[in-house]
Amino acid sequence: MIPVPAVSAVPAHRSRAGLRRPLAVLALVTTGLLLATACGPADPGFAVPEAAVAQPAGTATGAAAAGTAAPARKPAAPAADLPYDVTPLLKPGHKYLGAALPDVPTKMDALSGYTTAIGKQPNVLEYYAGWGDGFDTAGVRRIHDAGALPYMAWEPHSPSMAAIAAGETDDYVKGVAKAAAKLNLPIAISIAHEMNGDWYPWGRQASSPADFVAAWRRVHDIFDRAGATNVIWVWSPNITDPAPNTRLAPYYPGDTYVDWAGMTGYFTLTGPKTFDALYGPTMAEIRTFSQKPFFISETASQQGKRQRADIDQLFTGLETHDDVVGFVWFNIVKRADWRIEASPPSLADYKQRASDPRYGFDIRNP
């Protein structure tokens, strides 16, 4: 959720070791996947073909185009009969330095400018997809080719979580799962983020915890059956500050179905002033039922006199908490201007902290 300015509160995966995609499933994925030039609610379950989303003229891909040195060796793609092993990406030796940027992954124009501004290329790029949208195979590959982890925040504006749980969108989900499996690149996916808030149609006022859990498990199981074990599943509530009486445990699908415990939480002008005040209560509550790594799936700081202190708190908190594997900075104008480059002093602070070798790595060669 993007907080309104000056408002105080803002809102078991199966074992991956030794997994091999059954040949029967591979054959089904290879022969059964259809491509369509336009996808959406009227055309569920099909991947967006790469030709349908043209790369901007004159735009190079990869780390070198974004202003950083290309890795000495690009790892070969995994064998066709093996799923991409995301295990090294779950608890990496370095922290993720992520961003949400305008128009990514449809266009990658914003990436090079952002990379130049902060002095380092982000290695997670988050984007938002509606329930019923086609799976953007070209966009996911474009992000991966730039050395970043694609992160799809999947938003079920329609139908309801109860309908998803009942199987009414199974055909669509199967199509997306097959497309993800066939692409066979790592991708993080969250479903119905900030479900503990009341600002989305899938939130607490519209969906019960039981419906949320049942829908999540159903979708996850469909992906598993399709062989899409290349997905990192990010369960992503909002920080508890705006909804202190809504318990998180009833919304948790279980460790079998989750890889990272995500959190959305922004530094605002009148909200919590420290990392521990902003995220601490949520982290403490989650630790009562799960030990999964934390990932800050959306954050930024509202423009103002506190912004430089907020940046210091964010990075200091990340460095203090070994169980937080990284974050995504929401670098988009929405309800407020969250762009880090909008304030030169803040940008200088952010650039200096992000230069620490603890942040960022090429996900293709972790």
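We now turn to the structure provided with this report.

Rules used throughout
Residues numbered from 1 in each chain as written. Predicted model: local features only at pLDDT ≥ 70, side-chain atom pairs only at ≥ 80, totals over all residues. Heavy atoms only, no water. Pairing = 2+ DSSP bridges. Helix = DSSP H or I, 4+ residues; strand = E, 2+ residues; numbered from the N terminus. Axes fitted to C-alpha atoms, helices over the stretch in contact; angles between N-to-C directions. Parallel < 35°, antiparallel > 145°, perpendicular 65-115°, else oblique. Contact = heavy atoms within 4.5 Å. Nonpolar A, V, L, I, M, F, W, Y, C, P; charged D, E, K, R; others polar. Buried < 20%, exposed > 50% of the residue type's maximum accessible area, 1.4 Å probe, protein only. Right-handed = clockwise from strand over helix to strand, strands pointing away. Salt bridge = Lys/Arg side-chain N within 4 Å of Asp/Glu carboxyl O. Phe/Tyr/Trp six-rings, centres within 6.5 Å; stacked < 30°, edge-to-face > 60°. Core = buried A, V, L, I, M, F, W, Y, C linked by side-chain atoms within 4.5 Å.

1. Topic: the sheet that holds strand S8 (residues 324-330)
Stage number 1. Overall, parallel pairing links the eight strands, which are arranged S1-S2-S3-S4-S5-S6-S7-S8 in a closed barrel. Direction aside, the axes of adjacent strands within the sheet are offset by 30 degrees on average.
Stage number 2. Strand direction decides the pairing type here: strand S5 (residues 231-235) and strand S6 (residues 260-264), joined by two bridges, are parallel. Of the residues in S6, the one forming a bridge with Trp-235 is Ala-261.

2. Structural notes on the packing of helix H3 (residues 109-118) against helix H10 (residues 344-354)
Stage number 1. At a closest axis distance of 8 Å, the pairing of H3 and H10 adopts a crossing angle of 85 degrees. As far as their axial angle goes, H10 and H3 are roughly perpendicular. Every residue of H10 that contacts H3 at Tyr-114, Thr-116, Ala-117 and Ile-118 is listed here: Leu-347, Tyr-350 and Lys-351.
Stage number 2. For the contact of H3 with H10, the class distribution of residues is five nonpolar, one polar and one charged.

3. Section: the pairing of strand S2 (residues 124-130)
Side chains on a regular strand alternate between the two faces of the sheet.
Stage number 1. Within S2, six of the seven residues are buried, which leaves the element mostly enclosed by the surrounding structure.
Stage number 2. Pairing geometry for strand S1 (residues 96-100) and S2, over two bridges, is parallel. Note that in S2 the partner of Ala-99 across the bridge is Leu-125.
Stage number 3. Examined bridge by bridge, S2 and strand S3 (residues 149-155) share seven bridges and lie parallel to one another. Across the sheet, residue Glu-126 finds its bridge partner in S3, namely Tyr-151.
Stage number 4. Chirality of the crossover, the property in question, places the unit of S2, helix H4 (residues 137-145) and S3 among those that are right-handed.

4. Some remarks on H4
Stage number 1. Along H4, seven of the nine residues are buried, which leaves the element largely enclosed by surrounding structure.
Stage number 2. Those residues of H4 lying buried are Thr-137, Ala-138, Gly-139, Val-140, Arg-142, Ile-143 and His-144.
Stage number 3. Taken together, the buried residues of H4 touch S2, S3, helix H6 (170-183) and strand S4 (187-191).
Stage number 4. Just past H4, the residue Gly-147 takes up positive phi, approximately 85 degrees.

5. A word on the pattern of salt bridges
Two side chains of opposite charge can pair, provided their charged atoms sit close to one another.
Stage number 1. This model, assessed by the stated rule, comprises 12 salt bridges.
Stage number 2. The partner of Arg-218 in a salt bridge is Asp-170, and the shortest N-O contact between them spans 2.8 Å. Placement of the pair is Arg-218 in helix H7 (residues 209-225) and Asp-170 in helix H6, with a sequence separation of 48 residues.
Stage number 3. Asp-170 sits in the buried class, given a relative accessible area of 14%.
Stage number 4. Via salt bridges that share partners, Asp-312, Glu-319, Arg-353, Asp-356 and Arg-358 belong to a single interconnected network.

6. Focus on the packing of aromatic side chains
Stage number 1. Applying the stated criterion to the full structure yields 27 aromatic pairs.
Stage number 2. Taken together, a centroid distance of 5.9 Å and an interplanar angle of 65 degrees make the contact between Trp-131 and Tyr-172 edge-to-face. Taken together, the residues Trp-131 in the loop between S2 and H4 and Tyr-172 in helix H6 connect sequence positions 41 residues apart. Assigned by exposure class, Trp-131 and Tyr-172 land together as buried.
Stage number 3. Chaining the aromatic ring pairs together yields one cluster made of Trp-131, Trp-154, Tyr-172, Phe-212, Trp-216, Phe-223, Trp-233 and Tyr-251.

7. With respect to the nonpolar core
Stage number 1. Of all hydrophobic cores here, the largest spans 103 residues; its most connected members are Tyr-96, Trp-154, Phe-223, Trp-235 and Tyr-350.
Stage number 2. Among the elements that line this core, the one with the most residues is H6, at eight residues.

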